[in-house]
Each structure stands twice: as structure tokens, then as C-alpha cells.
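Fold and contact review
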Amino acid sequence: MEDTSAENKKNKATRIVTGVIISIISLVCIFAGGVPLFFFLMVILFLATREYVLILRNKGFHPSLSLICATSLVFGLLIFFRRFDLVPCVLAFAIMASFLVVLFMGRQPYIANVATTALGFMYGGWLPCHILLLRQINSESVNFFVPGLNDGLYYLLYTFLIVVATDIGAYYFGSKFGKTKLSKVISPKKTVEGAIGGGLFAIFVSAFGVFYTNLTLLEAVIGGLLITVFAQFGDLSESLIKRDAGVKDSSNILPGHGGLLDRADSYVFALPVAYYYLFYFTSGNNVILDLVTYIQKCV
């Protein structure tokens, strides 16, 4: 019993130290923006994509690691240099390349390998690259080295705080009050009580966004609700991939935490939702108001 207790304390300490180190590196790159954030993202994407490919190999699938990484890199470069007009072109050729790589990779050309390759650069490339889009909101030019204290920085911090609050709230309420399984098949440890608790705590934290962003209280709370819900969907989606492949952790690269996918899964869905909500549905960029105005003019 004592050995087990000591081991649990050691694992908890390792988890905390790893979490602190990751948080410090992430915050430095977020505040720096530009090149540091870009390279930080590319390193994360490469390591996470490698985990994704290794997980799927347990199912007998062989998505192309090189194509996924190359496409993710191009997506990142297009966003960094704001050449959004080329994104559809890259997406079209990447999908065609998925077929060609599978046809000539020397293995049985299963259609599943094409599908998992395409999923790889969309799930593990395009979606996470929204961190760059979010950081660039209301930024006047491409920022290479000088930290940019723009709206994008505060929106990104707002998003990260909500995701962190979701994890903390879900862990606390789930361990204290969790009884009802959220998804027995996909993630048996998660509970409805934990999900609700994490969501409520995240919404509470999001309300403080009015002090460091230009959001109104209503906009901040709605954003908190959307981000926390999709952060939890992102977590469950990664669990679905692992469960289907019969894998517990995506890897053991992070002591006490498992793999990068295990730590970043919530952000994969949260970042795009945060970006499109904050860019299109908040102060000064509300497409709903624009649509209403357009309809009124037509009538």
C-alpha cells in the first residue's frame, strides 16, 4: 500500500512538472508570435502526426506520414504569409496526392490508407493551424520576431484559459461527483458530471475575458460555452481514434501525460471554433448583423 501511494505521488509530481514546462514553453511562443509560434506549432504537428500514424498502424492502416507533414507545413506557411487564396489549391492537390502515394507506396492499396492520410492532414494539420489564424486577428502585418500585442494574442489566451478551465473543472467534478458514464465505449473514465462541471467552470472563467479582450460579457460567455463544448468533443474524438485502434495513450513522450495528442486533443476542435466565432460573430465582424442588414435592404 505504501509503495503504491509513493508511486502515485511520484507520478503526480512528474505530471505537474511536465505540465508546467509545457505551459511555459507554450506561453512564451504565444506571446512571441510570428516565427517562434510557427516553429513551435510545426514541431508539435510533426510529433503529433507521428503518433497518429503509429496509432493507425495498430489497425493495419498505413497513412503517409511524409504527405501529412508536408501538407501541414504548407498549410502553416500559407496562413503565416496570409495567402488564404491558395488553401483550396493545396487541399485539392493534397487529396489527389493521397491516392497517388497509396497507389505507389508498395503496400496493399487499401482505400482506408487514402482516407486516413486525408484525415491526417485535415485533423492533424489544418485544424491545429487555426492557432496562427487566431493569433493574427487584427494584426496589421506579418510578424516575424517582435511580439505583437494585438487582439489575436488576447483571444488566443482567452481560448487557452477556457480549455484549461474545462480540463480542471472536468477532473475535479468528475473525481468528486462523477457517477454517470459519458461514453462507456469510447472513454469509460469520463462522466456526465465531470463534463458539466468542466463546462460550467470554463464559462465562469470565460466571463473574465471582458477585462483583457474587447468582448462584451454576453459575447465572452457565449464564446466560453462554444469553446468548452467543442474542447470536450475534441477530447472524445481523439479517444475514439485510440479506442478503435486498441491504444491507451498516443505515446509516452510526455512523462505523466502520455503523448502530445493526448494533451492537445481538446485544442484541435477548440481553436477553429474560437477563431470563427471571434472573427465572424463578435464586435465589429458580426456576419449575422450583416445578413440581417442585407435582407432589410432587399426587402
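In this report, the structure presented in the accompanying data block is examined. (Residues numbered from 1 in each chain as written. Predicted model: local features only at pLDDT ≥ 70, side-chain atom pairs only at ≥ 80, totals over all residues. Heavy atoms only, no water.)

A few words now on the overall build of the chain. The secondary structure content of the chain amounts to 11 helices and 2 strands. The buried share among the 299 residues of the chain stands at 43%. Partitioning the contacts of the chain with sequence separation of at least 6, the portion at a separation of at least 24 is 70%. A total of about 16300 Å² of accessible surface is found on the chain, and carbon and sulfur atoms cover 70% of it. (Helix = DSSP H or I, 4+ residues; strand = E, 2+ residues; numbered from the N terminus. Buried < 20%, exposed > 50% of the residue type's maximum accessible area, 1.4 Å probe, protein only. Contact = heavy atoms within 4.5 Å. Areas by Shrake-Rupley, 256 points an atom, 1.4 Å probe, with all protein chains shown as cover.)

Mapped onto the fold, Leu240 is located in helix H9 (residues 217–245). For Leu240 and Val185, which are 55 residues apart along the polypeptide, the C-alpha to C-alpha distance reads 8.7 Å.

If you look at the biggest cluster of nonpolar residues, it comprises 57 residues, and the most contacted ones within it are Ile131, Leu134 and Leu278. In terms of residues, this core owes the most to one element, helix H2 (residues 34–57), which gives 11 residues. When near neighbours in sequence (up to four residues on either side) are disregarded, Leu134 contacts Gly152, Tyr155, Leu156, Thr159, Leu271, Ala274, Tyr275 and Leu278. (Core = buried A, V, L, I, M, F, W, Y, C linked by side-chain atoms within 4.5 Å.)

In total, this model carries 5 salt bridges according to the counting rule given. We note a salt bridge from Glu238 to Lys242, for which the minimum N-O separation is 3.6 Å. Within this pair, Glu238 and its partner Lys242 are both found in helix H9, separated by 4 residues, close to a single helical turn. For the pair shown, Glu238 and Lys242 are each scored as buried. One salt bridge connects Asp262 with Lys242, and the closest N-O pair in it is separated by 2.8 Å. In this pair, Asp262 is assigned in helix H10 (residues 260–280) and Lys242 in helix H9, connecting sequence segments 20 residues apart. The same class applies to Asp262 as to Lys242, namely buried. If you follow the salt bridges from partner to partner, you end up with Glu238, Lys242 and Asp262 in one network. (Salt bridge = Lys/Arg side-chain N within 4 Å of Asp/Glu carboxyl O.)

All chains considered together, the criterion is met by 15 aromatic pairs. Relative to Tyr280, the ring of Phe279 has its centre 4.9 Å away and its plane inclined at 85°; by these criteria the two rings are edge-to-face. Using a relative accessible area of 27% as the deciding quantity, one classes Phe279 as partly exposed. The exposure class of Tyr280 is partly exposed, given its relative accessible area of 33%. In textbook terms, an aromatic cluster arises when at least three aromatic residues are bridged by ring pairs, as seen for Phe38, Phe39, Phe80 and Phe81. (Phe/Tyr/Trp six-rings, centres within 6.5 Å; stacked < 30°, edge-to-face > 60°.)

Further remarks concern a nonpolar patch on the surface. On the surface, a nonpolar cluster with roughly 660 Å² of combined accessible area is contributed by Ile95, Phe99, Leu100, Leu103, Phe104 and Ile111. By residue number, the principal contributor to the nonpolar patch is helix H4 (residues 87–103), which donates 4 residues. In this fold, Leu103 is placed in helix H4. (Patch = residues over 30% accessible without salt bridge, like charges linked within 9 Å, V, L, I, M, F, W, Y side chains within 5 Å.)

What follows deals with the environment of Leu217. Within the fold, Leu217 resides in helix H9. It is 8.9 Å that separates the C-alpha atoms of Leu217 and Ser206, two residues lying 11 residues apart in sequence. The contact partners of Leu217, leaving out residues within four places of it in the chain, are Ala207 and Val210.

Here we take up the environment of Leu215. Mapped onto the fold, Leu215 is located in the loop between helix H8 (192–207) and H9. Look at Leu215 and you get buried, because its relative accessible area is 4%. Placed 60 residues apart in sequence, Leu215 and Tyr155 show a C-alpha to C-alpha distance of 9.4 Å.

Remark: helix H3 (residues 65–80) packs on H4, axes separated minimally by 11 Å, with the N-to-C direction vectors making an angle of 175°. In terms of axis orientation, H3 runs roughly antiparallel to H4. On the side of H3, the interface is formed by Leu67, Thr71, Val74, Phe75 and Leu78, while H4 contributes Val87, Val90, Leu91, Ala94, Ala97, Ser98 and Val101. Here the residues of the contact of H3 with H4 sort into 10 nonpolar, 2 polar and no charged. (Axes fitted to C-alpha atoms, helices over the stretch in contact; angles between N-to-C directions. Parallel < 35°, antiparallel > 145°, perpendicular 65-115°, else oblique. Nonpolar A, V, L, I, M, F, W, Y, C, P; charged D, E, K, R; others polar.)

A separate point is the pairing of strand S2 (residues 187–191). Where strand S1 (residues 181–183) meets S2, 2 bridges bridge the pair, whose relative direction is antiparallel. Following the sheet pairing, Lys181 is matched in S2 by Thr191. Between the antiparallel neighbours S1 and S2 lie 3 residues. (Pairing = 2+ DSSP bridges.)

Our next topic: H8. The end-to-end C-alpha distance of H8, which contains 16 residues, comes to 23 Å, matching closely the 22 Å that a straight helix rising 1.5 Å per residue would cover. The set of residues buried in H8 consists of Gly194, Ala195, Gly197, Gly198, Gly199, Ala202, Val205 and Ser206. Elements in contact with the buried residues of H8: helix H7 (151–177), S1, S2 and H9. (Expected span 1.5 Å × (residues − 1).)

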